[in-house]
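Secondary and tertiary structure notes
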Amino acid sequence: MLTPHNSQLTTHNSLPETEIAARFPDLHPALDARAAVVEANRCLNCFDAPCMSACPTHIDVPRFIKKIASGNVTGSARTILDANVLGASCARVCPVDVLCEGSCVMHGKHEQPIEIGRLQRFAMETFYDAGGKLALRRREERKQRVACIGAGPASLACAAELRQLGFQVKVIDRRALPGGLNTYGVAEYKLRVGDSLREVRMIQDLGVEFEVGEVDAEGLTELERDFDAVFLGVGLGAMHRLAHDGSASESVVDALEFIAGYKTGQRTSIGPHAKARRVVVIGAGNTAIDAACAAKRLGAGEVTILYRRQREHMSAFDFEYEHALREGVVFCWATLPKAFAAKGDAIELQCIAMTQDETGQPVPVPGSEFTIECDVVIPAIGQSPLLELLSQVRGVAMEHGRVVIQRTTGQTTNPKYFAGGDCVNGGREVVDAVSDGKRAAHGIAEWLGWRTEAQVG
Ligand code: SF4
């Protein structure tokens, strides 16, 4: 069944805003207008700019920077939004060091790369603060209806693009607030809930309908009947659980649940006045780092990341690792938690040291068992695909837990369904999901017999 009720675009964060602001100040404070113009004037406005090719949504970086330099900040924001409707959140969460800024020609001149992320943020926030709105690209309304399942970045990008082309679009998500990981899964010091919802509100103002509801097999049949195409932007499912007994313990909370909890005002047992002073995070991806740093900022005394391999194998970006070190997070490499047990109010983690076999695979070192005592365990060991829902979509092929699509259109093996984002790519950056959503929007528009944006003029 599709069980609808109204989507809320307000937050219900019970932590006082002043406390949130104090505990989670911006990682990279915003540029003021003067600093933005000075930085924009450093840009060489390269022809065939490598920063533009490095952006999955191909934002025209030299163009938007040039507009900042000339004082046309609204025009700059519109250049960004033309390519990436989530330009504000991407400015905050993109790993710019390995994307646009990582490819800036300034590296070759042994100079600091242009601060593209901060300039983008300046343009987008100035635009929003002045009440800027997205515009429909054509006035003519189209009768065809598209449903987007999931309200994360891929669906939002798909919905906004289709709506701007005149289609009727509904976004359906099981969670109370839209925005997906932008709202629930990114650490507060990178992206606040309110900032994520502000972008959603802009898409809602375009005329995209939002609905909260669970979609099951019956709901899929209803959507197929009532809509001309369906976009699957469902992301990934729950985080993998630890194999050991005790993972249901109240003191074990997966990283995404933990981040969503403190961001949306649920009570957390981590804090200076709470008992949970010692936190162990298991895993070494970017979500593990977000969770560990958040635990520190919430007041945990000791935060340790356990990883079964060595630093060079961790999937977190180097800049995230450096950031965690600065926050005071301790890394314990080549350590595998084998079991945990309650010890009074605390948890005793039984661990073993790891080494590598001749093929490079991690293997335990015999006799190297030891224990770590802590108050809270946060597993961050990857998410599973949403197989329960996806397996109910008739005719949509899956491979290794991912939806199979045509690379140029996002169309699945059931022509009425298109897909993008984490359920296709297995979990990448927000900007990759935006790129997927846009591509699918154009695929859907063409499949429904309409010419694409470039053709409609
Ligand atoms: Fe400007 Fe660097 Fe991009 Fe060249 S590569 S256009 S200098 S930001």
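Description of the structure in this document. (Residues numbered from 1 in each chain as written. Predicted model: local features only at pLDDT ≥ 70, side-chain atom pairs only at ≥ 80, totals over all residues. Heavy atoms only, no water.)

1. Focus: the overall build of the protein chain
A count of helices and strands for the protein chain gives 18 helices and 17 strands. Counting the 457 residues in the protein chain, one finds 54% classified as buried. Nonlocal contacts in the protein chain, meaning residues at least 24 apart in sequence, comprise 72% of its contacts between residues at least 6 apart. Within the structure as shown, the protein chain displays about 20300 Å² of accessible surface, and the carbon and sulfur contribution to it stands at 50%. (Helix = DSSP H or I, 4+ residues; strand = E, 2+ residues; numbered from the N terminus. Buried < 20%, exposed > 50% of the residue type's maximum accessible area, 1.4 Å probe, protein only. Contact = heavy atoms within 4.5 Å. Areas by Shrake-Rupley, 256 points an atom, 1.4 Å probe, with all protein chains shown as cover.)

2. Things to note about the packing of aromatic side chains
Each aromatic ring pair is summarised here by two numbers: the centre-to-centre distance and the angle between the ring planes. What the rule picks out here adds up to eight aromatic pairs. Plain terms: the ring middles of F127 and Y128 are 5.9 Å apart, the flat faces sit at 65° to each other, and that makes the pair edge-to-face. When its relative accessible area of 3% is taken as the criterion, F127 is described as buried. Ring geometry for Y307 and W333: centres 6.4 Å apart, planes at 80°, overall edge-to-face. Separated by 26 residues along the polypeptide, Y307 in the loop between β8 (302-306) and α14 (318-327) and W333 in the loop between β9 (330-332) and β10 (335-343) bring together distant segments of the chain. Judged by relative accessible area, which is 13%, Y307 ranks as buried. Among the aromatic residues, those joined into a ring-pair cluster are Y307, Y321, F331 and W333. Against the face of F227 rests R145, its NZ or CZ located 4.3 Å from the ring centre. Its end group placed over the ring of Y184, R175 keeps NZ or CZ at 3.7 Å from the ring centre. (Phe/Tyr/Trp six-rings, centres within 6.5 Å; stacked < 30°, edge-to-face > 60°. Lys NZ or Arg CZ within 6 Å of the ring centre and 35° of its normal.)

3. With respect to the sheet that holds strand β12 (residues 362-374)
Read from one edge to the other, the open sheet built from three strands follows the order β10-β11-β12, with strand pairing classed as antiparallel. Of all strands in the sheet, those with a lone pairing partner are β10 and β12, marking the two edges. Averaged over all pairs of adjacent strands, the angle between strand axes in this sheet comes to 20°, irrespective of strand direction. Relative to β12, strand β11 (residues 346-356) runs antiparallel, the two sharing nine bridges. Counterpart to T355 in the pairing with β12 is V363. (Pairing = 2+ DSSP bridges. Axes fitted to C-alpha atoms, helices over the stretch in contact; angles between N-to-C directions.)

4. So, the site of the ligand
Around the ligand lies a shell formed by C43, L44, C46, A49, P50, C51, P62, C104, V105, I114 and I116. In terms of residue class, the shell around the ligand is built from 11 nonpolar, no polar and no charged. (Near = heavy atom within 4 Å. Nonpolar A, V, L, I, M, F, W, Y, C, P; charged D, E, K, R; others polar.)

5. Examining the pattern of salt bridges
Under the defined criterion, the tally for this structure stands at 25 salt bridges. The closest approach of N and O atoms between K190 and D290, which form a salt bridge, is 2.7 Å. Here the residue K190 occupies a position in the loop between α9 (181-184) and α10 (193-205), and D290 occupies one in helix α13 (residues 286-297), the gap between them amounting to 100 residues. Under the relative-accessibility criterion, K190 is labelled buried at 12%. Here E320 and K190 are joined by a salt bridge, their closest N and O atoms 2.8 Å apart. Of the two residues, E320 sits in helix α14 while K190 sits in the loop between α9 and α10, which places them 130 residues apart along the sequence. (Salt bridge = Lys/Arg side-chain N within 4 Å of Asp/Glu carboxyl O.)

Note that all results are geometric; they support no functional claim without further evidence.
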